[in-house]
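# Geometric and topological summary
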Amino acid sequence: MENYLNILNEKISDADMILVGIGEDFGCTEKQIFEKERYCNIFSKISASGEWMLPYAYSQIMRKGIEKQAYLNLAGLIKDKNYFIVSLRTDDVIYGEEYAFDKERIVTPCGGGRKLQCDNNCEDKIFDIPDEIKEKIDIILQEDEKEILNVSIEPLRCPNCGSNLVFNRIDAKKYCEAGYLFMWDKYTKWLQGTLNRKICILELGVGMKYPSVVRWPFEKIAFFNNKAYFFRIHKKLYHLTEELGEKGCAVAQNPIDFLINSFE
Ligand SMILES: [Zn+2]
């Protein structure tokens, strides 16, 4: 087997700019997490106290998962470069302080468990999660497995229309895009600067759930840039289009395993 990490290292150190796409297949979904035996109890407790809190609980659990090492290794690869990361994940793991990614270089267009919005999105506004709510959820997450806390955490209300506040995530009834558009704007400006520059594109676990956000535009960028190199890592959907064949490398692996095992 070729040593893809060597190629990747070489392409990254040679590039002026690094574009990273993290896809929906880079780690477990919320459903997969709560189906795991060890989190079943947490799921029951959170559901009993207020199901609306699940997105926050999901990101708190994911932050302790095996993905951590993959993110650390990714950070090590790109930290000194001019990079931008587009992540389709809603687990917020990438925002962990321990990786020291520059938050001004990350956009997460599917949202996550960091902010709230009105269920009706009446004013296209996002809200911070009050610390007291975070603390309450953290207590539920820490409690002894057997103990079911008899607490109920009611959703907060929208100050404008009185509807419930929900997490600012793409699966909200009326998703508030204001939560990410500011960073998306920065991203598109950054992209304009890639013209005629050596760009290394690293796509990790990007499937076909939202192909128009990462997968297709990344292919287009690589196609039109003569100095681009495209690294696509996905367990199943790893193929590069014919036009990009010479300009890239397709790795048929789970990207988390790749980022962890290649460094051992
Ligand atoms: Zn409202």
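As a reminder, the structure under discussion sits directly above these lines.
Residues numbered from 1 in each chain as written. Predicted model: local features only at pLDDT ≥ 70, side-chain atom pairs only at ≥ 80, totals over all residues.

Moving on, we come to the overall build of the protein chain. Helix and strand counts for the protein chain come out as 9 helices and 9 strands. Referenced to the eigenvectors of the C-alpha coordinate spread, the extents of the protein chain come out at roughly 60 × 40 × 30 Å. The buried share of the protein chain, taken over its 264 residues, is 37%. Relative to all contacts within the protein chain whose residues are 6 or more apart in sequence, the contacts with residues 24 or more apart total 71%. (Helix = DSSP H or I, 4+ residues; strand = E, 2+ residues; numbered from the N terminus. Buried ≥ 20, exposed ≤ 12 C-beta atoms within 10 Å, placed from the backbone. Contact = placed C-beta atoms within 7 Å.)

Time to look at the pairing of strand β8 (residues 228-233). With 6 of its 6 residues buried, β8 lies for the most part within the structure. Alternating positions in β8 separate into two faces, Ala228, Phe230 and Arg232 on one and Tyr229, Phe231 and Ile233 on the other, with burial throughout. Pairing analysis gives 6 bridges linking strand β7 (residues 199-204) to β8, with the strands arranged parallel. Bridging from a neighbouring strand, Leu204 pairs with Ile233 of β8. On the question of chirality, the crossover connecting β7 to the parallel β8 by way of helix α8 (residues 215-224) is right-handed. Summarising the sheet, β8 and strand β9 (residues 248-251) pair through 4 bridges and their orientation is parallel. (Pairing = 2+ DSSP bridges. Right-handed = clockwise from strand over helix to strand, strands pointing away.)

Along the chain, Arg157 falls in the loop between α6 (131-142) and β6 (165-169). Arg157 sits 23 residues away from Tyr180 along the chain, and the two C-alpha atoms are 22 Å apart. If near-sequence neighbours (up to four positions away) are discounted, Arg157 is found in contact with Gly162, Asn164 and Leu165.

Either a parallel or an antiparallel arrangement is found when strands of a sheet pair, and the pairing is made through backbone hydrogen bonds. Overall, parallel pairing links the 6 strands, which are arranged β3-β2-β1-β7-β8-β9 in an open sheet. The open sheet terminates on both sides in strands that have one partner only, identified here as β3 (106-107) and β9.

We now examine the sheet that holds strand β4 (residues 111-118). With antiparallel pairing, the 3 strands of this open sheet are ordered in space as β5-β4-β6. Each having just a single partner strand, β5 (126-128) and β6 make up the two edges of the open sheet. The sheet shows a mean angle of 55 degrees between the axes of neighbouring strands, taken without regard to direction. With 4 bridges connecting them, β4 and β6 associate as antiparallel partners. Residue pairing in the sheet places Gln117 in a bridge with Val166 of β6. In the packing of helix α4 (residues 54-62) onto the sheet, contacts are made with β4 and β6, and the angle to β4 comes to roughly 165 degrees. On the sheet, helix α7 (residues 178-192) packs against β4, β5 and β6 and is oriented at approximately 125 degrees with respect to β4. (Axes fitted to C-alpha atoms, helices over the stretch in contact; angles between N-to-C directions.)

Right, let's get into helix α3 (residues 37-50). With 14 residues, α3 extends 20 Å from end C-alpha to end C-alpha; this agrees with the ideal 20 Å at 1.5 Å per step. Buried within α3 we find Ile42, Ile46 and Ser49. The arc enclosing the buried residues of α3, seen along the axis, measures out at 65 degrees, which places them on a common side. Along α3, the residues that are exposed and aim more than 90 degrees away from the buried face are Glu37, Cys40 and Ser44. Buried positions along α3 lie against α4 and α6. (Expected span 1.5 Å × (residues − 1). Arc of directions from axis to C-beta.)

None of this, on its own, says anything about what the molecule does.
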